Amino acid sequence: DASPRGSAMEQKKEGIQKILGDIKTSNERLGDIIAYCEENFEANPPEVTTQTKQYASDAILNAAYQANQGADAIMSYFDEQMKELDKICSNVDALSVRYQGLQTSRKNVYASDVVRNSYKNDKVVKEDVGESKRQNNRTEIDFSALDSVGVSFGDS
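Residues numbered from 1 in each chain as written. Predicted model: local features only at pLDDT ≥ 70, side-chain atom pairs only at ≥ 80, totals over all residues. Heavy atoms only, no water.

### What to know about the overall build of the protein chain
Phase 1 of the analysis: Along the backbone of the protein chain there are three helices and zero strands.
Phase 2 of the analysis: Put simply, the protein chain runs from its N terminus to its C terminus through helices and strands in the order α-α-α.
Phase 3 of the analysis: Here the protein chain holds 156 residues, and 10% of them are scored as buried.
Phase 4 of the analysis: A separation of at least 24 residues holds for 66% of the contacts in the protein chain among residues at least 6 apart in sequence. (Helix = DSSP H or I, 4+ residues; strand = E, 2+ residues; numbered from the N terminus. Buried < 20%, exposed > 50% of the residue type's maximum accessible area, 1.4 Å probe, protein only. Contact = heavy atoms within 4.5 Å.)

Right, dumping it as structure tokens:
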């Protein structure tokens, strides 16, 4: 979709994918930390214990940060989708109102007293025509139904 809204949704989607990539990278780094701890614990338990506590603390903070960023990105993506759904709903509502208006308005009826077979009558005299039975029915348009349809020049 080349619309600005489509590109905004793509940006939100890319943001979510980036965060998922960051979480995967963090998970791989935690694997490296576990390997370090296993290899070096017997040689220097106090230092490895201290390092492990620091790594664990950093990993928990990083996981919390990434979870928060992921939640924000997902909610932003959902908000963008809701805006798109609202736009579609407004368009459907406007079409529905228009369709209902067309269905409820009566068609023009044309009926005339003029004889249609010109072979039997030589000419039509003004008195023969009579008054037209054509009805010109018009329906008032309720523009308030279109209040939710319009152009947006920014996020609101």
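Having seen the structure, we can now continue with the description.
### Let's talk about the environment of Val48
Phase 1 of the analysis: Here Val48 shows up in helix α2 (residues 45-104).
Phase 2 of the analysis: Val48 gets classed as buried once you look at its relative accessible area, which sits at 2%.
Phase 3 of the analysis: Residues Val48 and Cys37, eleven residues apart in the sequence, show an inter-C-alpha distance of 6.3 Å.

### Focus on the pattern of salt bridges
Phase 1 of the analysis: Summed over the entire model, instances satisfying the criterion amount to one salt bridge.
Phase 2 of the analysis: Among the ionic pairs, Lys18 bridges to Asp22, the shortest N-O distance being 3.2 Å. Within this pair, Lys18 and its partner Asp22 are both found in helix α1 (residues 4-40), separated by four residues, close to a single helical turn.
Phase 3 of the analysis: With relative accessibility at 54%, the residue Lys18 sits in the exposed group. (Salt bridge = Lys/Arg side-chain N within 4 Å of Asp/Glu carboxyl O.)

### Description of the side chain of Gln66
Phase 1 of the analysis: Turning to its location among the elements, Gln66 is positioned in helix α2.
Phase 2 of the analysis: Discounting residues that sit within four places of it in the chain, Gln66 has contacts with Ile19, Asp22, Ile23 and Ser26.

### Quick word on a nonpolar patch on the surface
Phase 1 of the analysis: Together, Met82, Leu85, Ile88 and Val92 make up an exposed nonpolar region whose accessible area comes to about 370 Å².
Phase 2 of the analysis: Position of Ile88 among the secondary structure elements: in helix α2. (Patch = residues over 30% accessible without salt bridge, like charges linked within 9 Å, V, L, I, M, F, W, Y side chains within 5 Å. Areas by Shrake-Rupley, 256 points an atom, 1.4 Å probe, with all protein chains shown as cover.)

### Some thoughts on α2
Phase 1 of the analysis: Compared with an ideal rise of 1.5 Å per residue, which puts 60 residues at 88 Å, α2 spans 85 Å between its outermost C-alpha atoms and is within 8% of the ideal.
Phase 2 of the analysis: Looking only at α2, the buried set comprises Val48, Gln66, Gly70, Ala73, Tyr77, Glu80, Glu84, Ser90 and Ala94. (Expected span 1.5 Å × (residues − 1).)

### Section: the nonpolar core
Phase 1 of the analysis: In this structure, Met9, Ile16, Ile19, Ala73 and Tyr77 together form the largest nonpolar core, which totals five residues.
Phase 2 of the analysis: Sorting the residues of this core by element identifies α1 and α2 as the ones contributing at least two each. (Core = buried A, V, L, I, M, F, W, Y, C linked by side-chain atoms within 4.5 Å.)

### Topic: the packing of aromatic side chains
Phase 1 of the analysis: Applying the stated rule across the entire model yields one aromatic pair.
Phase 2 of the analysis: Arranged with centres 6.2 Å apart and planes meeting at 80 degrees, the rings of Tyr36 and Tyr55 form a pair that is edge-to-face. Highlighted residues: Tyr36 in helix α1 and Tyr55 in helix α2, separated in sequence by 19 residues.
Phase 3 of the analysis: Here Tyr36 falls in the partly exposed class, since its relative accessible area comes to 25%. (Phe/Tyr/Trp six-rings, centres within 6.5 Å; stacked < 30°, edge-to-face > 60°.)

### What about the environment of Lys13?
Phase 1 of the analysis: Tracing the backbone through its elements, the reader meets Lys13 in helix α1.
Phase 2 of the analysis: Note on Lys13: relative accessible area 37%, which makes it partly exposed.

### A short note on the side chain of Ser26
Phase 1 of the analysis: Looking at the element boundaries, Ser26 is found in helix α1.
Phase 2 of the analysis: Since its relative accessible area comes to 13%, Ser26 is described here as buried.
Phase 3 of the analysis: Not counting the four nearest positions on each side in its chain, Ser26 is found in contact with Asn62 and Gln66.

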